[in-house]
Amino acid sequence: MRPLWLCWALWVLPLACPGVALTEERVLGSLLQQLHLRQAPVLDRTDVEGLTIPAHLRARYVALLQRSHGDRPRRKRFSQNFQEVAGRFLVSEVSTHLLVFGMEQRLPPNSELVQAVLRLFQQPLPRAALRRLERSARAQVTIEWLRVRDDGSNRTSLIDSRLVSVHESGWKAFDVTEAVNFWQQLSRPRQPLLLQVSVQSEHLGPGASGAHRLVRFAAQGTAGAARGEPQLELHTLDLKDYGAQGNCDPEAPVTKDTRCCRQEMYLDLQGVKWAENWVLEPPGFLAYECVGSCLQPPEPLTFQWPFLGPRQCIASETASLPMIVTIKEGGRTRPQVVSLPNMRVQKCSCASDGAPVPRGLEP
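Small disclaimer: the values here were computed from a predicted structure and weren't measured. (Residues numbered from 1 in each chain as written. Predicted model: local features only at pLDDT ≥ 70, side-chain atom pairs only at ≥ 80, totals over all residues. Heavy atoms only, no water.)

1. Details of the confidence of the model for the chain
Low pLDDT means the predicted atomic positions in that stretch should not be read closely. Here the chain shows a mean pLDDT of 75. Residues at 70 or above account for 75%. Low confidence marks residues 1–19, where pLDDT is under 50. Its contacts with residues over four positions away, or in another chain, come to 39 contacts. Considering only residues more than four positions removed or in separate chains, one finds that residues 71–80, a stretch of pLDDT under 50, has 34 contacts. (pLDDT = per-residue confidence, 0-100. Contact = heavy atoms within 4.5 Å.)

2. Observations regarding the packing of aromatic side chains
Tallying each qualifying case throughout the model produces 3 aromatic pairs. Ring geometry for Trp274 and Trp278: centres 6.1 Å apart, planes at 75°, overall edge-to-face. Comparing Trp274 with Trp278, the two get one shared label, buried. The ring of Tyr288 is capped by Arg262, whose NZ or CZ atom sits 3.6 Å from the centre of that ring. (Phe/Tyr/Trp six-rings, centres within 6.5 Å; stacked < 30°, edge-to-face > 60°. Buried < 20%, exposed > 50% of the residue type's maximum accessible area, 1.4 Å probe, protein only. Lys NZ or Arg CZ within 6 Å of the ring centre and 35° of its normal.)

3. Side note on helix 1 (residues 24–35)
Taking 1.5 Å of rise per residue, the 12 residues of helix 1 would be expected to cover 16 Å, and the 17 Å separating its terminal C-alpha atoms lies within 8% of that figure. Residues of helix 1 that are buried include every one of Val27, Leu28, Ser30, Leu31, Leu32 and Leu35, and no others. Contacts from the buried residues of helix 1 go to strand 13 (266–268), strand 14 (279–281), strand 15 (284–286), strand 17 (311–329) and strand 18 (332–352). A positive backbone phi angle near 55° is found at His36, which sits one or two residues after helix 1. (Helix = DSSP H or I, 4+ residues; strand = E, 2+ residues; numbered from the N terminus. Expected span 1.5 Å × (residues − 1).)

4. Observations concerning the layout of surface pockets
In this structure, the second largest pocket spans a volume of roughly 190 Å³. Around the second largest pocket sit Arg147, Val148, Arg149, Asp150, Leu186, Ser187, Arg188, Pro189, Arg190 and Gln191, which together line it. Looking at the lining of the second largest pocket, its residues break down into 3 nonpolar, 2 polar and 5 charged. (1 Å grid on protein atoms, 1.4 Å probe; cavity = no way out; pocket = protein on both sides within 12 Å on 5 of 7 lines; lining within 4 Å. Points joined across faces, edges and corners; volume = space filled by probe spheres on them. Nonpolar A, V, L, I, M, F, W, Y, C, P; charged D, E, K, R; others polar.)

5. Regarding the nonpolar core
Within soluble globular proteins, side chains that are nonpolar tend to cluster in buried spots. Among the nonpolar cores identified, the biggest contains 31 residues, and Leu118, Trp145, Val176, Leu193 and Leu195 are the most heavily contacted of them. If you list the elements that add at least two residues to this core, you get strand 5 (96–101), strand 6 (111–122), strand 7 (138–148), strand 8 (154–165), helix 5 (177–184), strand 10 (193–201) and strand 11 (231–238). When near neighbours in sequence (up to four residues on either side) are disregarded, Leu193 contacts Leu99, Val100, Phe101, Met103, Trp145, Ala179, Val180, Trp183 and Leu232. Core analysis: the next-biggest nonpolar cluster, separate from the first, contains 25 residues, Leu35, Ala40, Trp274 and Leu340 among them. (Core = buried A, V, L, I, M, F, W, Y, C linked by side-chain atoms within 4.5 Å.)

6. Re the sheet that holds strand 18
Strands belonging to one sheet form pairs held by backbone hydrogen bonds; the direction of such a pair is parallel or antiparallel. Read from one edge to the other, the open sheet built from 3 strands follows the order 14-17-18, with strand pairing classed as antiparallel. This sheet does not close on itself; its edge strands, each paired only once, are strand 14 and strand 18. Across the sheet, the mean angle separating the axes of adjacent strands is 35° when strand polarity is ignored. Here 17 bridges tie strand 17 to strand 18, and the two strands are oriented antiparallel to one another. Bridged to Ile327 within strand 18 is Arg334. (Pairing = 2+ DSSP bridges. Axes fitted to C-alpha atoms, helices over the stretch in contact; angles between N-to-C directions.)

7. Describing the pattern of salt bridges
Within this structure, the stated rule accounts for 5 salt bridges. A salt bridge links Lys172 to Glu168, with the shortest nitrogen-to-oxygen separation between them at 2.8 Å. As a salt-bridge pair, Glu276 and Lys273 come within 3.5 Å of each other at their nearest N and O atoms. Given the relative accessible area of 39%, Glu276 is considered partly exposed. Given a relative accessible area of 68%, Lys273 falls into the exposed group. (Salt bridge = Lys/Arg side-chain N within 4 Å of Asp/Glu carboxyl O.)

8. Quick word on helix 5
Summarising burial for helix 5: 8 of the 8 residues are buried, a large majority. Every buried residue of helix 5 is accounted for by Thr177, Glu178, Ala179, Val180, Asn181, Phe182, Trp183 and Gln184. The inward-facing, buried residues of helix 5 abut strand 6, strand 7, strand 8, strand 9 (170–175), strand 10 and strand 11.

9. Things to note about the state of the cysteines
Counted according to the given criterion, the structure contains 4 disulfides. Each sulfur in the disulfide pair Cys248 and Cys261 lies 1.9 Å from the other. Taking the torsion about the S-S bond as the criterion, the Cys248 to Cys261 disulfide, at about 90°, is right-handed. You can see Cys248 sitting in the loop between helix 6 (239–242) and strand 12 (261–263) and its partner Cys261 sitting in strand 12, a full 13 residues away along the chain. (Disulfide = S-S within 2.5 Å.)

Quick look at the structure:
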């Protein structure tokens, strides 16, 4: 197998706050940030009289506008219902294991992956070895997603890491939801899901204990899950019941019983004092907003992941808003095109409060 290298990408992006609606103040704040201004400029009508927008700026604005309207939410594949996927040890060395899971046909569409749990069987140690170890001896177990690129090179991404007691045995659980999310982003035909398990010393340095070398994740027994084969649990919610419904019915009023949907909301910039003589295009725009409620998961699911808050209706896909504004420099004015991110709601979804947004798969 080719040498592996690590990508220690530890950050995740929090979901946008579902309660923050698009307002004139948010548009102004984003515009000031893009232009590196502290406050909106005050321009007279005489500053913009006779001002023409060059053809190349207008073409750029129109191209950005078309792209913003043309951006469609990326279709994602999700798993459906709870199921277990049995894996196998592809490579098993003293402190490193490579696990493989066949995932095709395991993740049909129209469901949302809530959590993927990897379960590994930690073998018991011989009594003679246990007597030589301190009761507090622990090892660091790290789970990484392994991607084999088209050119044959490998790349790993850190997924989960935790301490386990050297004295204990039995099934250990690790959260590998992000690994499955990464796998879903691969182009077809997709390779099997590869997970690399590394067992390291709790403490680094020359004086570190070698107790971690005694931790074994391998098979035992004779058949089935009891044999200790790695198990992947996929916990999902059916989007037919737990997802959003798309666009709201314009003829029906929004109530507390309205299922999560995208509602039209027009933001009129004409007559707004700070935009006068400054924002040349557009005079207003259709922004949309996410309204309604989401069906909550059954009690066993909520109890299993207590760190997740209730599911809320949020903007899961957004698009930018292009603008043409007036810039005044050295007593002269000129038009400039800017693009404000996340101004238009493209898609509304139901998501649990506190759940991280999956990272995008890097090249």
